[in-house]
Amino acid sequence: MTTEHASEVKRAGHWNEDDFAALIGGQVNRGSHTDKKDVIDQQDRSHSVKAGTWWQVFLYGRERLRTNTIFQGLGQVANIMIACLDAYPPTYADYLRDKPAAKRRLQPEMRNLLAELRKPVIFRAFLDKALFDGGNAEYLTVFPGPAAAPAHQKVFHVFHKADVVQTLTNAVTLRNSKARKASETDDQKVTFWSSLQGKTIGEIEDRHDGPVHYKEMKFRLNAKGVFEILTNQIAGKSQPRPRVFAYGRAARLFK
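This structure is a prediction, so every number in the text was calculated from the model and none was measured.

Asks: Whenever I open this one, the overall build of the chain confuses me. Can you help?
Replies: The secondary structure content of the chain amounts to 10 helices and 12 strands. Considering only C-alpha atoms, the chain reaches an extent of 55 × 40 × 35 Å along its principal axes. Long-range contacts, defined here as pairs at least 24 residues apart, represent 59% of the contacts in the chain between residues at least 6 apart.

Put into structure tokens, the structure is as follows:
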């Protein structure tokens, strides 16, 4: 993603937050969004607002993983992610000189990360931390349409964090990536496979595609894939506001 594209994505995200807040009479949190609190509703409950094709859930460097107390409490997840980053040489220029060696060093660490995340308790806690900052946000609110749509055409869908975590835990299978062509290498990512769509809807990988975000751990989810899972598997739907739908626990709690 170019710097210009990243700026466009950020602006579109702000528009969606503004439009959702206006619909529910809430307030936008323009502070640090690392806590996932994008919009606060009239009951003082917080919403993480997502839109676009892919959601970048986090992009963490070594120090962030080392010092984040919640991540450090998720079994060995943070330490294994650090080991994944440490599989790469200190600089991007060093990596370019011998890519295959770095990829070979990464393989056992990504297998270790898969094994750790496959533990049900760890995986649920990981999703809660990644998507809701360990409970700092209570709802996932999704706008599935194009980010540049006019405000009056936007329809938002609200899910309670407990439903999101439980549904995704049950709906996805964690795997290591496999090479599809000769230039690729097995076991470079942890992927989220959905049987509902028959495809990968998420992935955890370390950035090594340029010097700016070199050696940072990235977790992203496919918006359409996640939205289809949530709307198909969370029972109960209400419309508490015009152009706002709520599901499951959110249908009962979000008024």
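Back to the text.
Asks: Would you explain the layout of surface pockets in this entry?
Replies: Where empty space is left becomes clear once a probe the size of a water molecule has been rolled over the atoms. Taken as a whole, the second largest pocket encloses approximately 520 Å³ of empty space. As for the second largest pocket, its lining consists of 18 residues, of which Ser177, Lys178, Arg180, Glu184 and Lys189 are closest to the centre. At the level of secondary structure, the elements contributing two or more residues to the lining of the second largest pocket comprise strand 7 (172-176), strand 8 (190-194) and strand 9 (199-207). For the lining of the second largest pocket, the element with the most residues is strand 9, which contributes 3 residues. Of the residues contributing to the lining of the second largest pocket, the split by class is 2 nonpolar, 8 polar and 8 charged.

Asks: Mind showing me how you'd approach the environment of Arg118 here?
Replies: Position of Arg118 among the secondary structure elements: in the loop between helix 6 (99-117) and helix 7 (120-132). Residues Arg118 and Tyr139 lie 21 residues apart in sequence; the distance between their C-alpha atoms is 24 Å. When near neighbours in sequence (up to four residues on either side) are disregarded, Arg118 contacts Leu174 and Arg175.

Asks: Is there a simple way to explain the packing of aromatic side chains in this structure?
Replies: The description of an aromatic ring pair rests on the distance of the ring centres and on the angle between the ring planes. This model, assessed by the stated rule, comprises 18 aromatic pairs. With centroids separated by 5.2 Å and ring planes inclined at 50°, the aromatic side chains of Phe20 and Phe156 adopt a geometry described as tilted. Taken together, the residues Phe20 in helix 1 (residues 3-24) and Phe156 in strand 6 (residues 156-160) connect sequence positions 136 residues apart. Under the relative-accessibility criterion, Phe20 is labelled buried at 0%. Ring geometry for Phe143 versus Phe156: centroids 5.6 Å apart, planes at 45°, classification tilted. Placement of the pair is Phe143 in strand 5 (residues 139-143) and Phe156 in strand 6, with a sequence separation of 13 residues.

Asks: It is not clear to me how the sheet that holds strand 2 (residues 39-40) should be interpreted in this structure. Could you clarify?
Replies: Strand pairing in a sheet relies on backbone hydrogen bonds, with the paired strands running either antiparallel or parallel. On the basis of which strands lie adjacent, the open sheet formed by 7 strands has the order 1-2-3-5-6-12-11 and mixed pairing. Looking at the sheet topology across the chains shown, the edges are occupied by strand 1 (27-28) and strand 11 (237-241). In this structure, strand 6 lies alongside strand 12 (residues 244-247), joined through 4 bridges in parallel fashion. Across the sheet, residue Phe156 finds its bridge partner in strand 12, namely Val244. The sheet strands contacting helix 8 (residues 161-171) are strand 5, strand 6 and strand 12, and the helix crosses strand 6 at an angle near 80°.

Asks: Quick question: what am I supposed to make of the nonpolar core here?
Replies: Looking at soluble globular proteins, one finds that nonpolar side chains tend to be buried together. In this structure, Phe58, Phe71, Met81, Phe126, Phe192, Ile204 and Phe219 are the most contacted members of the largest nonpolar core, which totals 56 residues. Apart from the residues within four sequence positions on either side, Ile204 is in contact with Met81, Met110, Leu113, Leu117, Phe126, Lys189, Val190, Phe192, Met217, Lys218 and Phe219. In terms of nonpolar packing, the next biggest core, distinct from the first, is built from 14 residues, Ala21, Ile24, Phe143 and Ala246 among them.

The rules behind the values
Residues numbered from 1 in each chain as written. Predicted model: local features only at pLDDT ≥ 70, side-chain atom pairs only at ≥ 80, totals over all residues. Heavy atoms only, no water. Helix = DSSP H or I, 4+ residues; strand = E, 2+ residues; numbered from the N terminus. Contact = heavy atoms within 4.5 Å. 1 Å grid on protein atoms, 1.4 Å probe; cavity = no way out; pocket = protein on both sides within 12 Å on 5 of 7 lines; lining within 4 Å. Points joined across faces, edges and corners; volume = space filled by probe spheres on them. Nonpolar A, V, L, I, M, F, W, Y, C, P; charged D, E, K, R; others polar. Phe/Tyr/Trp six-rings, centres within 6.5 Å; stacked < 30°, edge-to-face > 60°. Buried < 20%, exposed > 50% of the residue type's maximum accessible area, 1.4 Å probe, protein only. Pairing = 2+ DSSP bridges. Axes fitted to C-alpha atoms, helices over the stretch in contact; angles between N-to-C directions. Core = buried A, V, L, I, M, F, W, Y, C linked by side-chain atoms within 4.5 Å.

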